[in-house]
Amino acid sequence: MSPLAISIADLHFRYDGRAAALFDNLSLEIPPGSVTAVLGPNGAGKSTLLHLILGLLTPTQGDVQLGGRPRRSYSRREVGKLVGLVAQEEAIPFNFTVQEYVLLGRAPHLDLLATPRPTDLAIARQALARVGAADMAGRSIQTLSGGERQLVLLARVIAQAPRILLLDEPTAHLDLGNKERVLGLVREMVAEGVTALFTTHEPDLAAALADAVVLVRDGKIIAAGALNAVFTSENLSQTYGIPVHVYQVEGRHITLTASF
Amino acid sequence: MPTTHRYRRRVLWGLAALLLLTVGGAVFSGRYPAPFWMSPRLLLEDPLARQIVLNLRLPRILAALLLGMTLAGAGTVFQMIFHNPLVEPGFLGVSQGAAFGAALSIVAWNAAGPGIQLSAAVCGFAGLLLSGSLARRIRYGGWTLRLVLAGIAVSALFSAGVGILKYVADPLTQLPELVFWILGALWSISWPKALSILPVTLAALGFLLLMRWRLNLLALDDATAFSLGAAPARERMALLVAAVAATAAVVSISGVVGWIGLITPHLARRLLGADAQTALPGALLIGGAFAVFCDTLARTMLPGEIPLGILASLIGATVFIALMIFQPNIKDAR
C-alpha cells in the first residue's frame, strides 16, 4: 500500500452565518507516509481543517487533493475507503456491542444495501485483536472506560483500512498507559503506509509522535514543515499568544510555559 | 445483553411464531356466534361465519398487521436516524397533520371513506414538508435538533387546528366520527381499503429491511458516518421518506394510533440488542403482533368497538412503564 499525500492549495472557507472567513488562501502540503500534528489554540480551525480534508465541510473556494487527485473527483464511497476519521468525542447513542461497532468500519467496502460478509467479520475481529480488545467483542460499547473506548474507535478505523488517517485529539482524557497504546497503534499504521494527521492540544505529544507540524492560529498558518524546523519557541509563542520555551533534552523536544 | 447470532435467530423465530399465533387467534376471535371465541369447525358449517372471517376479520387483520409493522419499522428508523430513543413516527407533524386532514374533510366536506383517507394522507405529508422547510429556516442547532423543534411546532399547529374543527363540528353527525377517527380504529376496514395501502407499505418496509445494516451506520454522528462513506443527509432522507409514506398510508385508514411506534423498537432492542440487522425485523414482528392483538381486543371485549388507539396506548404505556422499572440502567433500554 503506497501512502497518499494531502495537498491544499489556496483554500477559502467560511462557516454559514459568519461574516469572516476562517481560512483564507490556505495552502498546505502533507507528505505521504508522514505523521503530521496540527497544533493551535481553541477555535484556531484544527478540527475544521480535518473536516475539510475529509469533505464533511465544503470549501467556499479551492479544493483538497488526495494522492494528487481533487477530493471532489472521488465518490463518497471512495473517500470512505481512503480516509478514516477518529472524531473528537464521538457520540454512540445506541447500545451496540463492540464487535457490531467495529464492523461498521467495513461500510465503505460494502454496497449500499449489503450486509457484512464473513470476511468483514474476520477483519473486524482481527482489528479488535490488534488493539488488544478481542475479549471485549461482546461487551456493550456504553460500558467501556474512556481508554477502552478510544482503542475500540481505533479498531473501527483499522477495520476500515484507510490510506489517510485523521485523528481529532486522539489522546484527550486518556491516562499515560492508554495514551502510549494509542500512539503505538498510530505509529504501526503509519509504518504500514498510512498518512496520519492529528490535532492535539499537547505540544509535547506532537513532538513525540509527529514528523511534521502545522501551527494554526485564527485560521492562519503560523508555520508548517518538518518538526525540527517548525517546533521553535518563537513559532509556538506566536501560535498560542503566550511565551512558550522549547528545550531539546536527549533528542526530544519539551515545552515549558511560565506556569507549566 | 444478548449477543450470539444463534440466540438472536432463535428469538426472531420465536417472534415470528408469536405473530402467527396472534393472527391465528385473531381469525377465530370476535363476537360471532358468541363473544370471544369461534370454533374453527364453524368455518365449514356456517356460511355467515365464513363471510365474517373472509370479509370482515381478514381484511382487518391485514390492516392491523400493516399498521403495526409500519409504525414499528418507522419508529425504529426514526429513533435511529434522529439518535433519540424517544421519538416515534408521528413526530415531524405526520400524525397530527393526518388527523387534521381527516378532521377537515369530515367537518368541511362531510367526506367519508376514501375522501377522509386522501385528505389525511395529503395533510400527513404536508406536515412532513412543513417540518422540513421550517427546519431549514431555523438558524441554530444541528439538523436533527432543528427537525425535532420544527416537528413539535408543526404538530402543535395541526393539533390546534383539530381542536378548532372539533369545536365547530356538528355534535350529532360529525363529532362522533371525528373523535373516533382521532382515537384510531380499524372498524371501517374492507378489502379495498386494506389493499389500497398494501403497495406503499410493502415497498417501504422492503426498503427499510434492505437498509437495515446501513441504519446502524446512520445512527452514528454525521462526521463518523460520513467518514465511513455514507451520505448521511441523503440516506437519512430516503429512509425518512419511505417511513413517512408508509406511516401516512396506514394512518389514513386507521386514524392516529400512538405508542406502537415508540414501544416496539425498545422491546426489540431489549430482546435482540441494538444492531438493526436483527432489531428492525424483530420490531416489525412485535409491532404486527401487538397491533393485531390490540385490534382483536378492541372488537372482541365489548359489544361495541373500543377505539384501537385507546387500547394501544393503555397496553403500550403499561409495557413501557414495566420496561423502565425493570431496567436498572436506562442506557440498556436503548
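Here is a short report on the structure shown in this document.

**Digging into the interface of chain A and chain B**
If you look at the interface, chain A gives 34 residues, while chain B gives 29 residues. Taken together, the elements giving at least two residues each to the side of chain A that touches chain B come down to α1 (46-54), α2 (76-82) and β6 (83-86) of chain A. Looking at the side of chain A that touches chain B, the element that brings in the most residues is α2 of chain A, giving five residues. Partitioning the side of chain A that touches chain B into residue classes produces 17 nonpolar, twelve polar and five charged.

**A look at α1 of chain A**
Most of α1 of chain A is tucked away: seven of the nine residues are buried. Downstream of α1 of chain A by a residue or two, Gly55 of chain A has a phi angle that is positive, lying close to 100 degrees.

**Considering unusual backbone geometry**
For the bond running from Tyr32 of chain B to Pro33 of chain B, omega is -5 degrees, close enough to zero to count as cis. Along the chain, Pro33 of chain B falls in the loop between β1 (29-30) and β2 (36-37). Not every positive phi belongs to a glycine, and Glu89 of chain A is a case in point at roughly 50 degrees. The class for Glu89 of chain A is exposed, based on 9 C-beta atoms found within 10 Å.

**Quick word on the packing of helix α5 (residues 114-137) of chain B against helix α6 (residues 143-168) of chain B**
All names here are of chain B. Packing of α5 against α6 brings their axes to within 8 Å, and their N-to-C directions diverge by 135 degrees. Considering their axes alone, α5 and α6 lie oblique with respect to each other. You can see that α5 and α6 cross each other, and the crossing is right-handed. Where α5 abuts α6, its residues Gly127, Leu130, Ser131, Leu134 and Ala135 lie against Arg146, Leu147, Ala150, Gly151, Ala153, Val154 and Phe158. Partitioned by chemical class, the residues of the contact of α5 with α6 number eight nonpolar, three polar and one charged.

**Regarding the environment of Val251 of chain B**
Residue and element names in this part refer to chain B. With respect to the helices and strands, the residue Val251 is situated in helix α12 (residues 232-254). According to the C-beta neighbour criterion, Val251 is buried, with 30 such atoms within 10 Å. For the pair Val251 and Leu215, spaced 36 residues apart in sequence, the C-alpha separation works out to 24 Å. Once residues within four sequence positions are removed from consideration, Val251 is found in contact with Ser95, Ala98, Ala120, Gly124 and Val256.

**What to know about the sheet that holds strand β2 (residues 23-30) of chain A**
Residues and elements named next belong to chain A. Judged by pairing direction, the sheet is antiparallel, and its four strands sit side by side in the order β2-β1-β4-β5 without closing on themselves. Taken across any chain shown, the strands that pair with only one partner, and hence form the sheet edges, are β2 and β5 (69-70). Summarising the sheet, strand β1 (residues 6-13) and β2 pair through five bridges and their orientation is antiparallel. Residue pairing in the sheet places Ser7 in a bridge with Glu29 of β2.

**Brief notes about the packing of helix α1 (residues 5-27) of chain B against helix α3 (residues 47-81) of chain B**
Residue and element names in this part refer to chain B. Two elements in contact, α1 and α3, have axes whose closest approach is 10 Å; the angle formed by their N-to-C orientations is 150 degrees. It follows from the interaxial angle that α1 and α3 lie roughly antiparallel. Note that α1 runs across α3; the crossing there is right-handed. Judged by residue contacts, Val23, Ala26 and Val27 of α1 engage Val53, Arg57 and Ile61 from α3. Its residues assigned to classes, the contact of α1 with α3 comprises five nonpolar, no polar and one charged.

Rules used in this analysis
Residues numbered from 1 in each chain as written. Chains lettered and ligands numbered in written order. Predicted model: local features only at pLDDT ≥ 70, side-chain atom pairs only at ≥ 80, totals over all residues. Contact = placed C-beta atoms within 7 Å. Helix = DSSP H or I, 4+ residues; strand = E, 2+ residues; numbered from the N terminus. Nonpolar A, V, L, I, M, F, W, Y, C, P; charged D, E, K, R; others polar. Buried ≥ 20, exposed ≤ 12 C-beta atoms within 10 Å, placed from the backbone. Axes fitted to C-alpha atoms, helices over the stretch in contact; angles between N-to-C directions. Parallel < 35°, antiparallel > 145°, perpendicular 65-115°, else oblique. Left-handed = near helix turned anticlockwise from the far one by under 90°. Pairing = 2+ DSSP bridges.

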